[in-house]
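Results of the structural survey
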Amino acid sequence: MAESPPVRQWRHEFVLIRRLIKARIRSDWQYRVSFIALMTSQAAFTALEFVTLLLILRLVPTIGGWTGAEVAMLYGLSALSFGVADMLFGSVERLSTYVQQGEFDRVLLRPVSPLLQLVALEFELRRAGKMVPPMLVLGWAVANVEIGWTPARALLLVAAVVSGSVIYAALWILSASVSFWAVASKEAANAFTYGGQFANEYPLHLYRNWIRVVLGWAIPLAFVAYVPVQSLLDAANPLGLPSWLVFTVPLVAAGTLASALTVWRTGIRHYQSTGS
Amino acid sequence: MRLWWEVGVRSFRRASTYRLATASGVFTNTIFGYLRASILVFVAGAGGAAIGMTGEELVTFAFVSQGFLMIIGAFGDPELADRIRSGDVVIDLYRPADVQLWWMANWFGRAAFQLLARGLPPVVLGAMAFDLAWPDPWWHWPVFALSVLVASTLGFAIRFCANLSAFWLLDNRGVDQMVTLLMSFFAGLLLPITLFPAWLARVASLLPFASMVQLPVELYLGRHEGAAIVWVLTQQLLWLVALLGLGRALLVAATRRVVIQGG
Amino acid sequence: MSGTSTPESAATGGEVVEVGKPAATTPGGADQDQVVISVDGVDKTYVVRTRAGRLRRTKREVEAVAGVSFTVRAGEMVGYLGPNGAGKSTTIKMITGILTPTAGRVEVLGLTPTVDRAVLTRQIGVVFGQRSQLWWDLPLGDSFELLHYLYRTERDRHEHNLAEFVARLDLGSLLERPVRQLSLGQRMRGELTAALLHDPALVVLDEPTIGLDVVSKFAVRDFLSEVNAERGTTVLLTTHDLDDVEQLCERMLIIDHGQVLLDGRVDAFKAEHGTERTLVVDLERAAPPLTLTAATVTAVEGPRQWVRFDRRTTTAAEVIQEVVSREPIRDLTIEEPQIEELIRRIYSARPEPGV
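Calculation notes
- Residues numbered from 1 in each chain as written.
- Chains lettered and ligands numbered in written order.
- Predicted model: local features only at pLDDT ≥ 70, side-chain atom pairs only at ≥ 80, totals over all residues.
- Helix = DSSP H or I, 4+ residues; strand = E, 2+ residues; numbered from the N terminus.
- Rg over C-alpha atoms; globule rule 2.2 N^0.38 Å.
- Buried ≥ 20, exposed ≤ 12 C-beta atoms within 10 Å, placed from the backbone.
- Contact = placed C-beta atoms within 7 Å.
- Core = buried A, V, L, I, M, F, W, Y, C linked by C-beta atoms within 7 Å.
- Pairing = 2+ DSSP bridges.
- Axes fitted to C-alpha atoms, helices over the stretch in contact; angles between N-to-C directions.
- Nonpolar A, V, L, I, M, F, W, Y, C, P; charged D, E, K, R; others polar.
- Expected span 1.5 Å × (residues − 1).
- Bend = angle between axes of the 7 residues up to and from the residue.
- Parallel < 35°, antiparallel > 145°, perpendicular 65-115°, else oblique.
- Left-handed = near helix turned anticlockwise from the far one by under 90°.
- pLDDT = per-residue confidence, 0-100.

Of regular secondary structure, chain B possesses twelve helices and zero strands. Start at the N end of chain B and walk to the C end: the helices and strands fall as α-α-α-α-α-α-α-α-α-α-α-α. Here the C-alpha radius of gyration of chain B, 19 Å, is about what a compact globule of 263 residues would show, namely 18 Å. Reported as C-alpha extents along the three principal axes, the dimensions of chain B are approximately 60 × 40 × 35 Å. Counting the 263 residues in chain B, one finds 48% classified as buried. A separation of at least 24 residues holds for 79% of the contacts in chain B among residues at least 6 apart in sequence.

What follows covers the overall build of chain A. Scanning chain A for helices and strands turns up twelve helices and zero strands. Reading chain A from its N terminus to its C terminus gives the helix and strand order α-α-α-α-α-α-α-α-α-α-α-α. In terms of overall dimensions, chain A is globule-like: its C-alpha atoms have a radius of gyration of 20 Å, near the 19 Å expected for 276 residues. The principal-axis extents of the C-alpha atoms in chain A amount to approximately 65 × 40 × 40 Å. In chain A, of all internal contacts separated by at least 6 residues, the share reaching a separation of at least 24 is 80%.

Judged by nonpolar contacts, the single largest core of 231 residues is most densely connected at I173 of chain A together with V78 of chain C. Examining the composition of this core, we find that 14 residues originate from one element, helix α8 (residues 151–181) of chain A, more than from any other. Ignoring sequence-local partners within four residues, the contact set of I173 of chain A consists of F89, V92, A260, L261 and W264 of chain A. If you look at the next biggest cluster of nonpolar residues, it comprises eight residues, including L283, V307, V319 and V323 of chain C.

Looking now at the sheet that holds strand β11 (residues 276–283) of chain C. Residue and element names in this part refer to chain C. Pairing is antiparallel across the open sheet formed by four strands, whose spatial order is β12-β13-β11-β14. Of all the strands in the sheet, the pair left with one neighbour each is β12 (295–301) and β14 (329–335). Adjacent strand axes in the sheet meet at a mean angle of 25 degrees, parallel and antiparallel pairs treated alike. Pairing of β11 with strand β13 (residues 304–310) involves seven bridges; the strand directions are antiparallel. By the bridge assignment, L279 is partnered in β13 with V307. Contacting β11, β12, β13 and β14, helix α9 (residues 316–326) runs over the sheet at an angle of about 30 degrees to β11.

So, about the interface of chain A and chain B. The partner chain B presents 31 residues to the 33 residues of chain A that form the contact. Here the side of chain A that touches chain B gets 13 residues from one element, more than from any other, and that element is helix α2 (residues 32–59) of chain A. Looking at the side of chain A that touches chain B, its residues break down into 22 nonpolar, seven polar and four charged.

Take the environment of T256 of chain A next. Residue and element names in this part refer to chain A. Looking at the element boundaries, T256 is found in helix α12 (residues 249–274). For the pair formed by T256 and L171, sequence separation is 85 residues and the distance between their alpha carbons is 8.0 Å. Not counting residues up to four positions away in its chain, the partners in contact with T256 are I167, A170 and P220.

Turning next to helix α9 (residues 186–200) of chain A. All names here are of chain A. In this model α9 runs 21 Å from its N-terminal to its C-terminal C-alpha over 15 residues, within 8% of the 21 Å that 1.5 Å per residue would give. Residue Y194 marks the point of greatest curvature in α9, where the axis turns by about 30 degrees. Taking burial as the measure, the 15 residues of α9 include 13 buried ones, the bulk of the element.

Attention shifts here to the interface of chain C and chain A. At the interface, 24 residues of chain C touch 20 residues of chain A. For the side of chain C that touches chain A, the secondary structure elements donating two or more residues are α1 (88–96), α2 (117–121) and α3 (140–151) of chain C.

Quick look at the pairing of strand β4 (residues 77–81) of chain C now. All names here are of chain C. By the criterion of burial, β4 is predominantly enclosed, with five of the five residues buried. Inspection of the sheet shows β4 paired to strand β8 (residues 234–238) by four bridges, in the parallel sense. In the sheet register, G79 faces β8, and the bridge partner there is L237. The pairing of β4 with strand β9 (residues 251–256) spans four bridges and is classified as parallel.

Another aspect to go through is the packing of helix α6 (residues 99–129) of chain B against helix α7 (residues 140–164) of chain B. Residues and elements named next belong to chain B. Their axes nearest at 10 Å, the elements α6 and α7 cross at an angle of 130 degrees. Overall, the two elements α6 and α7 adopt an arrangement that is oblique. The hand of the α6/α7 crossing is right-handed. Of the residues in α7, those in contact with Q100, W103, M104, W107 and A111 of α6 are S152, F156 and F160. In terms of residue class, the contact of α6 with α7 is made up of six nonpolar, two polar and no charged.

On to the pairing of strand β10 (residues 259–265) of chain C. For a regular strand, side-chain orientation follows a simple rule: the groups alternate between the two sheet faces. Residue and element names in this part refer to chain C. For β10, the tally of buried residues reaches six of seven residues, placing the bulk of the element in the interior. Bridge count for β9 against β10 is six bridges, and the pairing is antiparallel. Note that in β10 the partner of D256 across the bridge is Q259. Linkage of β9 to β10, two consecutive antiparallel strands, is achieved through a turn of two residues, within which H257 is found at a positive phi near 50 degrees.

Attention now goes to the environment of A85 of chain A. All names here are of chain A. Here A85 shows up in helix α3 (residues 68–89). Owing to 25 C-beta atoms within 10 Å, A85 belongs among the buried residues under this scheme. Between the C-alpha atoms of A85 and V158, which are 73 residues apart in sequence, the distance is 15 Å. When sequence neighbours within four positions are dropped, the list of residues in contact with A85 reads G90, S165, Y168, A169 and W172.

With that settled, the discussion passes to α6 of chain B. End to end, α6 of chain B covers 44 Å across 31 residues, agreeing with the expected 45 Å (1.5 Å per residue, within 8%). The largest bend along α6 of chain B measures about 40 degrees and falls at Q114 of chain B.

Looking now at the confidence of the model for chain B. Considering every residue of chain B, the mean pLDDT works out to 89; 98% of them sit at 70 or more. Reported confidence for the predicted complex is 0.88 by ipTM and 0.81 by pTM.

In this structure, the amide linkage connecting D136 of chain B to the following residue, P137 of chain B, adopts the cis form with an omega of 10 degrees. Residue position: P137 of chain B is located in the loop between α6 and α7. A positive phi is found at H257 of chain C, a non-glycine position, where the angle reads about 50 degrees. With respect to the helices and strands, H257 of chain C occurs in the loop between β9 and β10. In this structure H257 of chain C comes out as partly exposed when scored by C-beta crowding, with 19 C-beta atoms within 10 Å.

The next point concerns the packing of α9 of chain A against helix α2 (residues 19–47) of chain B. Taken N-terminus to C-terminus, the directions of α9 of chain A and α2 of chain B make an angle of 15 degrees; their axes are 7 Å apart at the nearest point. The angle between α9 of chain A and α2 of chain B places the two elements in the roughly parallel class. When you trace α9 of chain A past α2 of chain B, the crossing you get is right-handed. Residues K186, E187, A188, N190, A191, G195, F198 and A199 of chain A of α9 of chain A pack against A21, S24, G25, F27, T28, I31, F32 and L35 of chain B of α2 of chain B. Residues that form the contact of α9 of chain A with α2 of chain B fall into these classes: nine nonpolar, five polar and two charged.

Here it is as structure tokens:
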């Protein structure tokens, strides 16, 4: 079989992934009521987190010196990035089930990247529900903050959403990779994905030192929302972030993704040497 | 009686085999406890006395409520629903033992393990980093214990009903999620109900979920005295009876309408 | 790797018994010397952690496969037999790229399975008896369509193969049905199609006939025979069902305790080791066990007696003559030994593996 040129190969894989995802959606649509109910509950969960934020705002004048609109933008940015990443890559967490039930072998027997297979085969459209509340909140925040919107600022916001999604996607891949070594520890990884996202909804300087370092810098979640929002809206800056930090966000995103993919590949090699 | 004990013990043992998974769960619970505690500490500081709870109380609330998660079934227990979907439930229905009691015994076995393995550790770990409040005087402890017992049983009662809905819906994940949703908000897991605006707190008081975490933790924090304590426990028990009754009614209806999906 | 063997004694001491010559030519014109699978001195050791007492854990090394070597050439149909835990699945996993060997080399179609996984998987087809590669909730036809994209086969080729397999395996009426509604036999026919749609050079099947009804088993066997004969596809088949091996394979490999016990042609194996026959005689009346010169009576049940003889020392005709001369008979049949029985003899002839 002749090797296709790279471009044709990618196009073919893209078509394949699209078809697999469509197949999966068709499969899920067979259980329509359940699908809608689950999608609604996904949206509701995310919305409740914002409601909690609002309830807190009733009790305090500012959250760590950040006003309501600034906090709303923080929530919107972090939850939206998370929602996008969750919809596209969240299904990778099913790896633990695949490994436990011996299904991962099947994945290895197909001539397609295992990562893309998991993404496509376990695609859950209902995860898109998570994007709705933050989109609305972000929209409201954009309309109600005091700064003037310039093209540069708008670009920064868009870049932040994209980079944030990439960072969360990397986190999903990283957390799923745990299953290659210790499948039962999968739940611990939730502390970083779901926990990280939860932490991100509040200004980073609220947290104690070690939480801040682990969930903000070591796992660079601060770059998803806190750094962009602080820079964009010139919000209170008790941590003393330099003004150029926000421009490193895309680099951090790329670097995090590269690390995650390396760990993933190492995980597969480990799986191949120890079996299931 | 012996039968229920055996069922419970088996369930306890089964839960205890997942050591690594349990440890991972404790880790995640504790992290979430730290996060919530940090936020609440700030709220206490910035909100002052007006909010109605001290920083110490709020932080305690954060960790103790994390400890509650597993014993009240916050994330659901789809085992019964799975059995309904696969048709295995017929075995349960033909057993010469009460189905609801069977599953309750099952639940308690597991909850007992989770109380030790996932209820206590987050609180202990939290105490190492924050100043936590403790029940005082001594007899608040047994009162709290009783409240926890009722809360856990209430968790069972609700999940039992949610699982039984699979008889009609087959795919009852929507119902399960709905329960988890309502539980997280109205049991005070996202934010103590004490911090809710008055109207929302009233809504919460009309729902059973508050009896699952909020009320027991209030007893833990000693926010009730004398007759009020009795009233709190009574509230919990009333909800328990109501939901167990609902579960029974659903069971009778379901047994009549056994739909088995197989193939 | 040819030559005649010595009888069962060669199976002792862990030596591999080789019987008969490999096939001289392969149909479909494939170069018969082309090596499709090369397993060379392969070990696979697992580290198993078991709980010793309440808290401690000990490590134990389990040798799933030790020093296994064999070669499969283009167009061969090889049966891979062995009891559970013998190392069959482990070997298969190493051949298909799921597992890396701890020592030794595995080469399939000139590629290293775990390293060249992406390239290799496009050239092989795998059927697992118990696990499905089809999409559970979708119609069977949809699965086939997706596989076209998965394996990047040429559209024409895919259509052609699909039409042929659907006709051969009688899948026409099943294409619209969701896979979860198919019976095991129907699903297995679908799996076979799925594995062969992309014209793989090698097909590996892990217990494909397990749990199938007789009709489906025959359908599967016929199909595999035809595919091998017409397309020269190399087939490696693990199974517990000895009928599969007898009906389908020219060559067989037996593995036990991680080591290859036997490697050779099926018919030669039967000829060498299957020289015994049993004559089942129904006498006119019950009688004590007959005394015969070239045969022995192994069992008696009323008027029925089982008479065992060796084809090398006497003929069936002679034995029948002798029996009839002793006692009038009413009916008789001749039994051939099962491969099962023969294999059991080989196992029991081996010395126990050292502790």
